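Commentary on secondary and tertiary structure
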Amino acid sequence: MCGIAGYLSKGDDPEPVGRIMLDMLSSLARRGPDSVGMALYRTEPGHRETCWIRLPEDGDTAAHERRILTGLAVIAEVGPVQRHEGLLRVELATSADAAAIRAAAEGGSRDVEIVSLGHQLELVKQVGHPDGLERAFNMSGFRGSHAIGHTRLSTESRVDLTHSQPFWARGAADVATVHNGHITNYHRLRRLYEQRGVRFFSENDSEVIGVYIADQLDRGLTLEEALESSLDDFDGSFTYLVASGDAMGYARDPFALKPLIVVETDRYVAVANEEIAIRAALGTAGVAHEPSGHVFKLWRRSQLAAPVAAA
Amino acid sequence: MADAGRAGTSLEIGAGAGVEIVAAGVEIDAAVLPVRDVNREIRAALAGGAPVIVRNPGARHSLGVALLAPGQVTFDGSVGYYCGGMGDGATVHVTGSAGWGLAEGILSGTIVVDGNAGNSAAAAIRGGTVVVRGDCAARAGVSMKGGRLLVAGNAGYMTGFMMQKGYIAIAGDAGDALADSMYEGTVYVAGEIASLGNDTVVEVASDTDQAMLEAAFAEFNLPPPRHFRRIVAGRKLWNFEKHELETWRAAL
């Protein structure tokens, strides 16, 4: 199955999106307890570039960390560094683009993976239940504007950190995806991208969604256009969510094979596979609605009417 | 002495944690009980002839399944998957929305949802009435074997897929592949039809049909519908005919 959830505030003030996402994912964990993760967005766009990096599992971790930081220091002023489980969080002040940062950190190693990159995005994930995610990363206190999250039931690929979601749309700063379903033309799409030199880190079909979105953005499409074209370019069953620094949205396969419930109020938009997750995190406000198939929608914070102030 | 905790005064007989007997019937707080206990308490109350109101359903799954006796149950909020499924006779009212598989396989009874329904509402029902005041998502009335489904709003992709008996009435618009590969039964649509499914025929609804549907909508205080069109099986897929191979290719 897999559980996916998203939340986007329509207001300007930071909201406890870490707590909201954790509550939603705890409610959905029944749909897949193999791994869990979330992509959280801070409101201030001027924050330093933040990079989450997966360290190699084998060998001397401290040495790996030193090598990565030395590589990054060539192109960036390296700010605070923290290590959480198998992930390294590094803040950078740099004018280098995503490709250059990736080259500097990954340094050609097969085992080092940039998990996320962006000024607003924090992307954390790990194997196991949402409770473990909170113990490892303590993200319940995170305040920001929006978030997407995932709990995984592995069906066709390994259960480990690399195969966990969300996936960063590798190369596109601040863009992340979560997916419920199967992309059945994954192998064909992957071959296509690999012929163009794109590197895949997992054998999880969901990884190709981020690669696809990043590629479409790179070609000059808007995120809306990328979502729309994906409806015909992907085969199989899919409900996936995408988020960027400013937006959150969904796309759904023509047969509407995977569930998606949407609740929109004047204060926020919440989406999840099951309404129970929205009610557990946010209470009874708003009417739940399930869209039909072959549809997409994107909410841009910059284009939403400001919510009516509470009386 | 399994029921020791329930003895007490006569007023409290039959009441346990999360269950309260009120003037209007029995009130159950779903927030403090497992779904199995909620359903057990609903059945117990209905057996005693009392109407039931379930507070804080929280969109949990499988609420009110297999209610096999007449009686009145209200869910004060949204319900999750399979609400009211496998029922035979109860009248269920959901004041919020419903998830997948609403009223799946009911034999009789009535299920009314004030909000919207997720995929596969009224799937494979054999009788009874399912009413959705809002919209239905994909595959509402899939494989219906009797009964009726009234939708005051719009219905999504493949509504009435492979239905066999009974009718679906949609006051709003219908999505793509409407009534695809239906065997029998009737789908009525008052709004736009995005596209028809395989082997379907559109007919003008008769005055008798229209009067019957208007009465049905009035029965549940739904807004009076516009004039319906009627969609029935073309019956070309009933038996395999080699000279109709192209029809079969398209259908499969």
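Scoring rules and cut-offs
Residues numbered from 1 in each chain as written. Chains lettered and ligands numbered in written order. Predicted model: local features only at pLDDT ≥ 70, side-chain atom pairs only at ≥ 80, totals over all residues. Heavy atoms only, no water. Helix = DSSP H or I, 4+ residues; strand = E, 2+ residues; numbered from the N terminus. Rg over C-alpha atoms; globule rule 2.2 N^0.38 Å. Contact = heavy atoms within 4.5 Å. Areas by Shrake-Rupley, 256 points an atom, 1.4 Å probe, with all protein chains shown as cover. Lys, Arg positive; Asp, Glu negative; His and termini not counted. Charge placed at Lys NZ, Arg CZ, Asp CG, Glu CD. Core = buried A, V, L, I, M, F, W, Y, C linked by side-chain atoms within 4.5 Å. Buried < 20%, exposed > 50% of the residue type's maximum accessible area, 1.4 Å probe, protein only. Domains from an automatic or database assignment. Patch = residues over 30% accessible without salt bridge, like charges linked within 9 Å, V, L, I, M, F, W, Y side chains within 5 Å. Salt bridge = Lys/Arg side-chain N within 4 Å of Asp/Glu carboxyl O. Buried area = accessible area lost by both parts, 1.4 Å probe. Nonpolar A, V, L, I, M, F, W, Y, C, P; charged D, E, K, R; others polar. Axes fitted to C-alpha atoms, helices over the stretch in contact; angles between N-to-C directions. Parallel < 35°, antiparallel > 145°, perpendicular 65-115°, else oblique. Pairing = 2+ DSSP bridges. Polar contact = N/O pair within 3.5 Å; in protein donor to acceptor, adjacent residues only side chain to side chain.

Another point: the overall build of chain A. Counting secondary structure elements, chain A contains eight helices and 16 strands. Relative to its length of 311 residues, chain A is compact, with a C-alpha radius of gyration of 18 Å against a globular reference of 19 Å. Its C-alpha atoms give chain A principal-axis dimensions of roughly 50 × 45 × 35 Å. Across chain A, contacts joining residues at least 24 apart in sequence account for 71% of those joining residues at least 6 apart. Accessible surface, chain A as shown: approximately 11700 Å² in total, 50% of it carbon and sulfur. Chain A carries 32 positive and 43 negative side-chain charges, and their two centres are separated by 2 Å.

On to the nonpolar core, then. Residue and element names in this part refer to chain A. In this structure, Met24, Met38, Ile53 and Leu72 are the most contacted members of the largest nonpolar core, which totals 70 residues. It is helix α1 (residues 17-28) that provides the largest number of residues to this core, a total of seven residues. Taken domain by domain, this core gets at least three of its residues from each of domain 1 (3-47 + 119-310) and domain 2 (48-118). Excluding anything up to four places from it in sequence, Met24 contacts Ala5, Gly6, Ala270, Val271, Ala272, Ala277, Ile278 and Ala281.

Before going further, it helps to spend a moment on a nonpolar patch on the surface. Residue and element names in this part refer to chain B. A cluster of nonpolar side chains, namely Met162, Tyr183 and Trp238, defines an oily patch on the protein surface of about 290 Å² accessible area. Note that Met162 resides in the loop between β8 (145-151) and β9 (165-170). Note on Met162: relative accessible area 30%, which makes it partly exposed.

With that settled, consider unusual backbone geometry. Of note, the bond from Gln165 of chain A into Pro166 of chain A is cis; its omega dihedral lies within 30 degrees of zero at 5°. As for its placement among the helices and strands, Pro166 of chain A is situated in the loop between β8 (146-152) and β9 (167-168). Although it is not a glycine, Ala177 of chain B sits at a positive phi angle of roughly 55°.

Residues and elements named next belong to chain A. Domain annotation of chain A identifies domain 1 (3-47 + 119-310) and domain 2 (48-118). Look at where the C-alpha atoms of domain 1 and domain 2 centre, and you get two points 23 Å apart. Contact with domain 1, which involves 24 residues of that partner, is made by 24 residues of domain 2. In total, domain 1 and domain 2 occlude about 2000 Å² of area from one another, counting both sides; carbon and sulfur atoms represent 53% of this. When the area that domain 1 buries against domain 2 is broken down by residue, the three leading residues are His47, Trp168 and Arg199, summing to 28%. Put simply, domain 1 and domain 2 have three salt bridges between them. Among the secondary structure elements, those contributing two or more residues to the side of domain 1 that touches domain 2 are β7 (121-127) and α4 (130-137). With six residues, β7 is the largest single contributor of residues to the side of domain 1 that touches domain 2. Taken together, the residues of the side of domain 1 that touches domain 2 sort by class into eleven nonpolar, seven polar and six charged.

What follows deals with the pattern of salt bridges. Two side chains with opposite charge may pair up if their charged atoms get near one another. Taken as a whole and assessed by the stated rule, the structure comprises 31 salt bridges over all chains. Here Arg42 of chain A ties to Glu122 of chain A by a salt bridge, and the two come within 2.2 Å at their closest N and O atoms. Of this pair, Arg42 of chain A sits in the loop between β2 (35-41) and β3 (49-54) while Glu122 of chain A sits in strand β7, and the two are 80 residues apart along the sequence. Taking relative accessible area as the criterion, Glu122 of chain A reaches 2% and is therefore assigned buried. A salt bridge links Arg235 of chain B to Glu184 of chain B; the shortest N-O distance between them is 2.7 Å. Here Glu184 of chain B lies in the loop between β9 and β10 (186-189) and Arg235 of chain B lies in the loop between β12 (229-233) and α3 (245-251), a separation of 51 residues in the sequence. Using a relative accessible area of 26% as the deciding quantity, one classes Glu184 of chain B as partly exposed. Beyond isolated ion pairs, a larger network of salt bridges with shared partners links Arg42, Arg89, Glu91 and Glu122 of chain A.

Glancing now at the environment of Met86 of chain B. Residues and elements named next belong to chain B. Within the secondary structure layout, Met86 lies in the loop between β4 (71-76) and β5 (88-94). It is 9.2 Å that separates the C-alpha atoms of Met86 and Ser108, two residues lying 22 residues apart in sequence. Residues within four places of Met86 in sequence aside, it is in contact with Val65, Ala66, Leu68, Glu104, Gly105 and Ile106.

Residues and elements named next belong to chain A. Contact geometry for α1 and α4: axes closest at 9 Å, N-to-C directions at 150°. Considered as vectors, α1 and α4 are oriented roughly antiparallel to each other. Contacts from Leu22, Leu25 and Ser26 of α1 reach α4 at Pro130, Asp131 and Glu134. Here the contact of α1 with α4 is built from residues that sort into three nonpolar, one polar and two charged.

Right, let's talk about a negative patch on the surface for a bit. All names here are of chain A. Taken together, the side chains of Glu225, Glu228, Asp232 and Asp233 present a region of like negative charge at the surface. With respect to the element layout, Glu228 can be found in helix α7 (residues 223-233). By relative accessible area, which is 46% here, Glu228 ends up partly exposed.

Okay, the sheet that holds strand β1 (residues 19-22) of chain B next. Residue and element names in this part refer to chain B. The twelve strands lie next to each other as β1-β2-β3-β4-β5-β6-β7-β8-β9-β10-β12-β11, forming an open sheet whose pairing is mixed. Both outer strands of the open sheet, β1 and β11 (200-204), are each paired with one neighbouring strand and no more. Along the sheet, successive strands turn relative to each other by an average axial angle of 15°, direction set aside. The pairing of β4 with β5 spans five bridges and is classified as parallel. Its bridge partner being in β5, Gln72 is matched across the sheet by Thr91.

Across the contact, 20 residues belong to chain A and 18 residues belong to chain B. Of the roughly 1300 Å² buried between chain A and chain B on both sides combined, carbon and sulfur atoms contribute 52%. Counting across the interface, chain A meets chain B through zero salt bridges. Seen at the junction of chain A and chain B, the total is eleven residue pairs in polar contact (both at pLDDT 80 or more). Within the residue set of the side of chain A that touches chain B, elements represented by two or more residues are α8 (275-282) and β15 (288-289) of chain A. Element by element, the count of residues in the side of chain A that touches chain B is highest for α8 of chain A, at three residues.

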